[in-house]
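# Structural overview for review
Residues per chain, in single letters:
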Amino acid sequence: MSKSLTPSIIPKLNLALIITVLITGALAFIQVYAIQSVLPVLMQEFHASAAAIGSTVGATILAVALTSPFLGMISDAFGRKAFIVGSVFFIAIPTLALSFVHSINWLWWLRFAQGVAVPGITVVLLAYLGEEFSGNTRIKLMSFYVSGTVLGGFLGRFLMGYITDFMGWRHAFLIMGIISISGAVLVWKNLPASQKFEAKPQISTALITLWHHLHNRYILAACALGFCVLFSLVGCFTYINLYLDQPPYNLSSSQLANIFAVYLIGMIITPLSARLIVKFGTNLTVLIAMSLSILGVLITLMHPLWVIVLALAIMSSGIFITQSSTITYISANVTEGRSLASGLYYMCYYAGGFAGSLLCGHAFESGGWFMTAVVLISVQLLAMLIGGVLMRKKA
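Here's what I pulled together on the structure shown here. (Residues numbered from 1 in each chain as written. Predicted model: local features only at pLDDT ≥ 70, side-chain atom pairs only at ≥ 80, totals over all residues. Heavy atoms only, no water.)

### A closer look at the overall build of the chain
The cut-off we apply is this: Numbering of helices and strands starts at the N terminus; helices are DSSP runs of H or I of at least 4 residues and strands are runs of E of at least 2. Taken over C-alpha atoms, the radius of gyration is set against a globule rule of 2.2 Å times the number of residues to the power 0.38.
The helix and strand inventory of the chain stands at 14 helices and zero strands. Counting helices and strands in the order they occur from the N terminus, the chain gives α-α-α-α-α-α-α-α-α-α-α-α-α-α. Radius of gyration (C-alpha) of the chain: 20 Å, near the 21 Å computed for a compact globule of 395 residues. Taken over the C-alpha atoms alone, the chain extends approximately 60 × 50 × 40 Å along its principal axes.

Here it is in structure tokens:
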């Protein structure tokens, strides 16, 4: 149906397109991590352990991991824009329902439901950008998409923390749901329709493409790196909240929300990653970025609060640059079944996030923040090995 439209509907790189891509990326992640800033409040409300309450972060991430390849395949058959808009709207339903839960089990399952629709935004938008744009324009839009995800990650945590302090966590979830509904309308009106999408409705075609992807060393290496990236981000920012909720810090929900202002640094740094990728290539960019991230984790072991905040900014900046490098790497090395390739990447990416929420939770319970940092650094060293060796192009 998109082929009947005139090519002029798809504009060249301009401010309106950049803002739309950035906002769509933000809407994908505004709900995913919002709960992190109120984990101590919910932990007390439901009388839960650190690992149990941390698993509510992992629930959404697990759902994203499980549904990413399938939504990618469906989108390859039926289109892009409708999936993106519908997914933004769908996320609002469990978000609104979260304001009425009275048990941690329902909290977990509604968080899982939130994650079911996230790939309808992330996976499909990446496929859309890969199809409609090329060269440096695609690299720039990819970096602004990642900046949007950074903005959404910050806004979700920031708004949840402050609204919870002023109105309670139940009202906070109601307001967050309304934000997603409004966002769906905004994306529907402003995201250009596809011009280069070619439907591939046959399941057999998708399975053949999947088989080829599973034998593509570049896709597999990127998937492994994605696992390490979100493992680090989720593990760090989930349990640093519980660490800073304890003495001597005793931070409130709104104060914990302020900590996530370090995400805004990522909005500035991530677009610059496009220049790093063009100048140094993916391998060297990943090595530099992950070294930066490891340094940040090490500095969090120091005790002054301002030093910890600075360390989180350093750590997350390295992660954001790595993420931008990885999705650009996939786009450059995949010519067919882009949505399915993105789905595979996000399946591994979010599986890493789920593993991070789980393993870092047990590490935190057994040895506090120190043991959590040990686990994080181990995974980041593995990421450096993947980026430096497995993702290297053959001569």
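### So, the packing of helix α5 (residues 104–117) against helix α6 (residues 119–132)
Just so we agree on the cut-off: Inter-axis angles, ranging from 0 to 180 degrees, are taken between N-to-C directions of lines fitted to C-alpha atoms, where helices are fitted over the stretch in contact. Reported orientations rely on four angle classes, namely roughly parallel under 35 degrees, roughly antiparallel over 145, roughly perpendicular from 65 to 115, and oblique for the rest. It only takes one pair of heavy atoms within 4.5 Å for two residues to be counted as in contact. Under the convention adopted here, Pro, Cys and the residues Ala, Val, Leu, Ile, Met, Phe, Trp and Tyr are nonpolar, Asp, Glu, Lys and Arg are charged, and Gly plus all remaining residues are polar.
One way to put it is that α5 packs onto α6 with a least axis distance of 5 Å and a crossing angle of 20°. By the criterion of interaxial angle, the relationship of α5 to α6 is roughly parallel. Each of Gly115, Val116 and Ala117 in α5 lies in contact with α6, whose residues at this interface are Pro119, Gly120 and Ile121. Across the contact of α5 with α6, the residue classes tally to four nonpolar, two polar and no charged.

### Examining unusual backbone geometry
The cut-off we apply is this: We call a residue buried when its accessible area falls under 20% of the maximum for its residue type, exposed when it is over 50%, and partly exposed in between, using a 1.4 Å probe and counting protein chains only.
The omega torsion of the bond from Pro247 to Pro248 falls at 5°, within 30 degrees of zero and hence cis. Among the structural elements, Pro248 can be located in the loop between α10 (217–245) and α11 (253–259). Positioned with a positive phi, His47 is a non-glycine residue whose angle comes to about 50°. Structurally, His47 can be placed in the loop between α2 (39–45) and α3 (50–78). The residue Asn250 is not glycine, and still its phi comes out positive at about 50°. Within the fold, Asn250 resides in the loop between α10 and α11. For Asn250, a relative accessible area of 46% corresponds to the partly exposed category.

### With respect to a nonpolar patch on the surface
Our working rule: To count toward a patch, a residue needs a relative accessible area over 30% and no salt bridge; like charges are then connected within 9 Å, while nonpolar side chains (Val, Leu, Ile, Met, Phe, Trp, Tyr) are connected within 5 Å. Surface accessibility follows the Shrake-Rupley procedure with a 1.4 Å probe radius. Residue values consider only the protein chains on display as shielding. For this document, the term salt bridge refers to a Lys or Arg side-chain nitrogen within 4 Å of an Asp or Glu carboxyl oxygen.
A contiguous nonpolar surface patch, about 340 Å² in accessible area, is contributed by Phe89, Phe90, Ile93 and Ile181. Ranked by the residues each element gives to the nonpolar patch, the list is headed by helix α4 (residues 81–97), at three residues. The residue Phe89 is located in helix α4 in this model. When its relative accessible area of 43% is taken as the criterion, Phe89 is described as partly exposed.

### Let's talk about helix α8 (residues 169–190)
We count it as follows: To estimate the expected span of a helix, count its residues, drop one, and scale the result by 1.5 Å. In this description, one arc is meant: the one made by directions from the helix axis to the C-beta atoms.
Over its 22 residues, α8 extends 32 Å from the first C-alpha to the last, a length consistent with the 32 Å expected when each residue adds 1.5 Å. The set of residues buried in α8 consists of Trp169, Ala172, Phe173, Met176, Gly177, Ser180, Gly183, Ala184 and Val187. End-on, the buried residues of α8 take up no more than an arc of 140°, which puts them together on one face. For α8, the secondary structure elements touched by its buried residues are α1 (15–29), α2, α4 and α7 (135–167).

### As for the environment of Ser194
Of note, Ser194 is situated in the loop between α8 and α9 (203–213). By relative accessible area, which is 7% here, Ser194 ends up buried. C-alpha of Ser194 to C-alpha of Ala184: the two residues are ten residues apart in sequence and 17 Å apart in space.

### Concerning the packing of aromatic side chains
As a reminder of what qualifies: Paired rings are identified among Phe, Tyr and Trp, the last through its six-membered ring, by centres lying within 6.5 Å, and are further divided according to the angle between planes into stacked (under 30 degrees), edge-to-face (over 60) and tilted (the rest).
Per the stated rule, a full pass over the model turns up 16 aromatic pairs. Consider the rings of Trp169 and Phe173, whose centres lie 6.1 Å apart with planes at 85°: the pair is edge-to-face. Separated by four residues within a single helix, Trp169 and Phe173 lie in helix α8, roughly one turn from each other. We classify Trp169 as buried; its relative accessible area is 6%. Here Phe173 falls in the buried class, since its relative accessible area comes to 2%. Ring geometry for Phe237 against Phe260: centres 5.5 Å apart, planes inclined by 35°, an arrangement best described as tilted. With a gap of 23 residues between them, Phe237 in helix α10 and Phe260 in the loop between α11 and α12 (263–299) connect regions that are remote in the sequence.

### Re the packing of α7 against helix α13 (residues 305–333)
Heads up, the condition is: Crossing handedness: left-handed means the near helix sits turned counterclockwise from the far one by under a right angle, and right-handed means the same turn made clockwise.
One way to put it is that α7 packs onto α13 with a least axis distance of 10 Å and a crossing angle of 140°. Here α7 is positioned oblique relative to α13, judged by the angle of their axes. As α7 packs across α13, the resulting crossing turns out to be right-handed. Listed contacts from α13 to Arg138, Ile139, Met142, Ser143, Tyr145, Val146, Thr149 and Val150 of α7 are Phe320, Gln323, Ser324, Ile327, Thr328, Ser331 and Ala332.

### What to know about the environment of Phe231
Locating Phe231 in the fold gives a position in helix α10. Here Phe231 falls in the buried class, since its relative accessible area comes to 3%. Distance in space between the C-alpha atoms of Phe231 and Cys360 is 8.9 Å, their sequence separation being 129 residues. The residues contacting Phe231, other than those within four sequence positions of it, are Gly352, Gly353, Ala355, Gly356, Leu359, Cys360, Val375, Leu376 and Val379.

### Thoughts on the nonpolar core
Let me state the cut-off plainly: Nonpolar core, defined: a set of buried Ala, Val, Leu, Ile, Met, Phe, Trp, Tyr and Cys residues in which side-chain atoms within 4.5 Å join the residues together.
Formed by 114 residues in total, the largest nonpolar core has its most connected members in Tyr145 and Tyr350. The leading source of residues in this core is α10, at 19 residues. Tyr145 has contacts with Val21, Gly25, Phe29, Thr122, Leu125, Leu126, Leu129, Ile327 and Tyr346, leaving out every residue within four places of it along the chain.

### What about the side chain of Gln36?
Counted only if it meets this: Pairs of N or O atoms within 3.5 Å make up the polar contacts considered here, provided that, within protein, one atom can donate a hydrogen while the other can accept it, and that residues adjacent in sequence are counted only when both atoms are side-chain atoms.
Relative to the helices and strands, Gln36 resides in the loop between α1 and α2. For Gln36, a relative accessible area of 0% translates into the label buried. Polar side-chain contacts of Gln36 include one of 2.7 Å to the side chain of Thr238. Apart from the residues lying within four places of it in its own chain, the contact partners of Gln36 are Val57, Arg157, Val234, Phe237, Thr238, Asn241 and Phe260.

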